[in-house]
Amino acid sequence: MSAPIDPGEAPLLSVERLTRFYGERLGCRDVSFDLYPGEVLAVVGESGSGKTTLLNCLAARMKLSSGAVRYRMRDGEMRDLAALGEAERRFLMRTDWGFVHQNPADGLRMNVSAGANVGERLMAIGERNYGEIRGSAHDWLSRVEVPTDRIDDSPRAFSGGMRQRLQIARNLVTAPRLVFMDEPTGGLDVSVQARLLDLIRALVAELRMAALVVTHDLAVARLLSHRIMVMKEGRVVEEGLTDRVLDDPQRPYTQLLVSSILQV
Amino acid sequence: MQPRLAVSGLSKSFTMHLRGGIHIPVLSEASFEVYPGECVALGGPSGAGKSSILKMVYGNYAADAGSIVIARKEGGPVDIAIADPRMVLSIRRSDLGYVSQFLRVVPRVAARDLVAEPLVERGAGREEALDKADALLHRLNLPERLWHLPPATFSGGEQQRVNIARGFIAGHPLLLLDEPTASLDAANRDVVISLIAEGKAAGTSFLGIFHDAPTRGRVAEREVDVTAFSPKAAA
């Protein structure tokens, strides 16, 4: 599963004591980690554990109460995301980052065609040649196993699994360096899930993207991630190599999570 | 000669937080070495901690104390017991392989792709890796009609052979074997024994668990008695 990882490399994303309160209520607290190119980090925990708050803070969709998130720009410079201007931040989101939502309707434009959903991201980074844009859209639809004769159909006519694959194509077409995924297989049938996981796994390795995957599903974390962070009540309670955390969990809460997996 | 693997003062216990925090010591102060070109068997009854040692060496279990130093082909030696996750993954790619008793099945991935994967991760071309995967599966007598299928529905012995091929393909300098012949017939057991012999001749180090005494006698130069590291003996 592992994409090539060079232990000497500098981090792509560096998070230091990230804290977010909602008024008096804690969202997440003192979360620190580095994420490297080609690395997939899974954030696991139950609803309310703070994992979605963390994701939204990292992806600059929400302001931090304290702490810092630094990102290595394409020129190699580490920049504090809070210090970026609005235009710079939007440029990052359009070019360097992807965000795969649990509900594809949140990440797709439902009133334009499948091909336009993919092509739009290319136009946003300056691609203008219609033939090339359509060619890329065609190519990406087949990579995510959406029948290419559906290129002019609206995503409204797609199944849930097909919509999610289209959302992935839309996000990956610009070759982002970092992709955030929020429960990417949640709400799908298990057979569709397996196919999607296999696809994500192959694409992440092939494109050497870094990815941060939020999931409550430990099987998804095991299949996709190199490292795991377990969150509870807004804090990280355990982290480490994915198979180590799942096979030899140390903290009481991690042991509870692992022992609660249903066996089939 | 430098050992390829040097285990020193290695201890392991489990704390079951869901069972009132019961503490189960498994190993105390385990120390041994494995040199290039030799096969060392871990001996002792079930529950003595043999599998725990293999899993700690692979970085799959956390060690309570002690060191697990692996000499790398490139770069200096690394202590797996304290290495960060990225270093452990890097060593698994370049230096350290593991044939577990059971195949952890990845949905939808065909047997020959699963086998080829470790070689691709080491930088080999896809075609070359698939050719080598086919050769190994052929040698292990896995019927060719199964090569393109995901192993989820294979029998125990068929999955075991996929697992063995996946472990041997990349030619890692240190290979951990957890009962590699447990569910194999005599003919396939002989194939595994000759794969180990060829590996040793090429300088590969093996650390393994072999419950079958004749197999152990044919592959292992030495046996490390794990009961010597039982926590009671140490107390």
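Bear in mind that the values here come from a model prediction, so they are computed numbers and not experimental data. (Residues numbered from 1 in each chain as written. Chains lettered and ligands numbered in written order. Predicted model: local features only at pLDDT ≥ 70, side-chain atom pairs only at ≥ 80, totals over all residues. Heavy atoms only, no water.)

Participant: Tell me about the pattern of salt bridges, residues and numbers included.
Facilitator: Under the criterion given, the structure shown has 32 salt bridges over all chains. Among the salt bridges present, the one from A:Asp243 reaches B:Arg92, with a minimum N-O distance of 2.8 Å. In this pair, A:Asp243 sits in helix 9 (residues 242-247) while B:Arg92 sits in helix 2 (residues 85-94), so the two residues belong to two different chains. Given a relative accessible area of 16%, A:Asp243 falls into the buried group. Look at B:Arg92 and you get buried, because its relative accessible area is 11%. B:Asp212 is the partner of B:Arg189 in a salt bridge, and the nearest nitrogen-oxygen pair spans 3.8 Å. Taken together, the residues B:Arg189 in helix 6 (residues 186-201) and B:Asp212 in the loop between strand 8 (205-209) and helix 7 (213-219) connect sequence positions 23 residues apart. Owing to a relative accessible area of 27%, B:Asp212 belongs among the partly exposed residues under this scheme. (Salt bridge = Lys/Arg side-chain N within 4 Å of Asp/Glu carboxyl O. Helix = DSSP H or I, 4+ residues; strand = E, 2+ residues; numbered from the N terminus. Buried < 20%, exposed > 50% of the residue type's maximum accessible area, 1.4 Å probe, protein only.)

Participant: Lay out the sheet that holds strand 6 (residues 96-99) of chain B with the relevant residues and their values.
Facilitator: Residues and elements named next belong to chain B. Taken together, 5 strands build an open sheet; the order of strands is 6-7-8-3-9 and the sheet is parallel. In the strand order of this sheet, the two ends are held by strand 6 and strand 9 (222-225), each with one partner. On average, each strand axis in the sheet is inclined to that of its neighbour by 20°, with strand direction left out of account. Where strand 3 (residues 39-43) meets strand 8, 3 bridges bridge the pair, whose relative direction is parallel. (Pairing = 2+ DSSP bridges. Axes fitted to C-alpha atoms, helices over the stretch in contact; angles between N-to-C directions.)

Participant: Tell me what's going on with helix 10 (residues 252-259) of chain A, and back it up with residues and numbers.
Facilitator: Those residues of helix 10 of chain A that sit buried are A:Tyr253, A:Thr254, A:Gln255 and A:Leu257. At its buried positions, helix 10 of chain A is contacted by strand 3 (40-44), helix 8 (218-224), strand 9 (227-232), strand 10 (235-241) and helix 9 of chain A together with strand 1 (5-16) of chain B. (Contact = heavy atoms within 4.5 Å.)

Participant: Would you mind going over the pairing of strand 10 of chain A in detail, with residue names and values included?
Facilitator: Sheet topology places strand 9 of chain A next to strand 10 of chain A; 6 bridges connect them, and they run antiparallel. Bridge pairing links A:Arg227 to A:Leu241 in strand 10 of chain A.

Participant: I'd like a description of the packing of helix 6 (residues 160-172) of chain A against helix 7 (residues 190-207) of chain A, backed by residues and values.
Facilitator: Residues and elements named next belong to chain A. Where helix 6 meets helix 7, the closest approach of the two axes is 10 Å, and the angle between their N-to-C directions is 10°. In terms of their interaxial angle, helix 6 and helix 7 are classed as roughly parallel. Here helix 6 contributes Gly161, Gln164, Arg165, Ile168 and Leu172 to the contact with helix 7, which in turn contributes Val192, Arg195, Leu196, Leu199, Ile200, Leu203 and Leu207. Considered class by class, the residues forming the contact of helix 6 with helix 7 number 8 nonpolar, 2 polar and 2 charged. (Parallel < 35°, antiparallel > 145°, perpendicular 65-115°, else oblique. Nonpolar A, V, L, I, M, F, W, Y, C, P; charged D, E, K, R; others polar.)

Participant: I'd like to hear about the interface of chain B and chain A, residue by residue, with values.
Facilitator: Opposite the 25 residues of chain B that make contact, chain A presents 31 residues. Summing both partners gives a buried area of about 2,400 Å² for chain B against chain A, and 53% of it is carried by carbon and sulfur. Contact with chain A buries surface across chain B, with B:Arg86, B:Leu89 and B:Arg108 losing the most and accounting together for 29% of the total. Across the salt bridge formed by B:Glu117 and A:Arg201, the nearest N and O atoms sit 3.0 Å from each other. Summed over the shared surface of chain B and chain A, the number is 10 residue pairs in polar contact (both at pLDDT 80 or more). (Buried area = accessible area lost by both parts, 1.4 Å probe. Polar contact = N/O pair within 3.5 Å; in protein donor to acceptor, adjacent residues only side chain to side chain.)

Participant: Break down the sheet that holds strand 1 (residues 13-22) of chain A for me, with residues and values.
Facilitator: Residue and element names in this part refer to chain A. Spatial strand order, 2-1-4-5: 4 strands in an open sheet with antiparallel pairing. Strands at the two margins of the open sheet, each flanked by one partner only, are strand 2 (25-35) and strand 5 (78-80). Each adjacent strand pair in this sheet contributes to an overall mean axis angle of 25°, direction not counted. Sheet analysis places strand 1 next to strand 4 (residues 66-72), joined by 5 bridges and oriented antiparallel. In the strand pairing of strand 4, Glu16 is matched with Ala68. Sitting on the sheet, helix 1 (residues 51-58) is in contact with strand 1, strand 2 and strand 4, with an inclination near 120° to strand 1.

Participant: I'd like a rundown of the nonpolar core, residues and numbers included.
Facilitator: If you look at the biggest cluster of nonpolar residues, it comprises 39 residues, and the most contacted ones within it are A:Val118, A:Trp140, A:Val144 and A:Ile168. Counting only elements with at least two residues in this core, the list comes to helix 4 (114-124), helix 5 (130-143), helix 6, strand 7 (178-182), helix 7, strand 8 (210-215) and helix 8 of chain A. The element that contributes the greatest number of residues to this core is helix 7 of chain A, accounting for 6 residues. Those residues within four positions of A:Ile168 in sequence are excluded, and the remaining contacts are A:Val100, A:Val144, A:Leu196, A:Ile200 and A:Leu203. Core analysis: the second largest hydrophobic core is formed by 37 residues, B:Leu103, B:Ala116, B:Leu130 and B:Val219 among them. (Core = buried A, V, L, I, M, F, W, Y, C linked by side-chain atoms within 4.5 Å.)

Participant: Describe helix 2 (residues 86-95) of chain A, and please don't skip the residues or the numbers.
Facilitator: Residues and elements named next belong to chain A. Of all the positions in helix 2, only Arg89, Leu92 and Thr95 are classed as buried. One side of helix 2 carries all its buried residues, which in axial view fall inside an arc of 145°. Summarising the contacts, the buried residues of helix 2 are in contact with strand 4 and strand 6 (97-100). (Arc of directions from axis to C-beta.)

Participant: Which residues make up the confidence of the model for chain B, and what values do they have?
Facilitator: The predicted coordinates ought not to be read in detail in places where the model reports low pLDDT. In this model, chain B carries an average pLDDT of 94, and 98% of its residues clear a pLDDT of 70 or more. What the predictor reports for the complex is a pTM of 0.92 with an ipTM of 0.93. (pLDDT = per-residue confidence, 0-100.)

Participant: An account of the packing of helix 4 of chain A against helix 6 of chain A is needed here, citing residue identities and associated values.
Facilitator: Residue and element names in this part refer to chain A. Here helix 4 crosses helix 6 at 25°, and the two axes come no closer than 7 Å. Between helix 4 and helix 6, the angle is such that the two are roughly parallel. With respect to the hand of their crossing, helix 4 and helix 6 are arranged in right-handed fashion. Contacts between helix 4 and helix 6 involve Ala114, Asn117, Val118, Glu120 and Arg121 from the former and Leu166, Ala169, Arg170 and Asn171 from the latter. For the contact of helix 4 with helix 6, the residue count by class is 4 nonpolar, 2 polar and 3 charged. (Left-handed = near helix turned anticlockwise from the far one by under 90°.)

Participant: Describe a nonpolar patch on the surface, with residues and values.
Facilitator: Residues and elements named next belong to chain B. Where nonpolar side chains cluster on the molecular surface, the patch consists of Met16, Ile22 and Ile24 and spans about 230 Å² of accessible area. Along the polypeptide, Ile22 turns up in strand 2 (residues 22-34). Taking relative accessible area as the criterion, Ile22 reaches 44% and is therefore assigned partly exposed. (Patch = residues over 30% accessible without salt bridge, like charges linked within 9 Å, V, L, I, M, F, W, Y side chains within 5 Å. Areas by Shrake-Rupley, 256 points an atom, 1.4 Å probe, with all protein chains shown as cover.)

Participant: Give me the lowdown on unusual backbone geometry, citing residues and values where you can.
Facilitator: Residues and elements named next belong to chain A. Although it is not a glycine, Glu145 adopts a positive phi angle of roughly 65°. Summarising the element assignment, Glu145 is placed in the loop between helix 5 and helix 6. Positive phi outside glycine occurs at Glu233, with the angle close to 45°.

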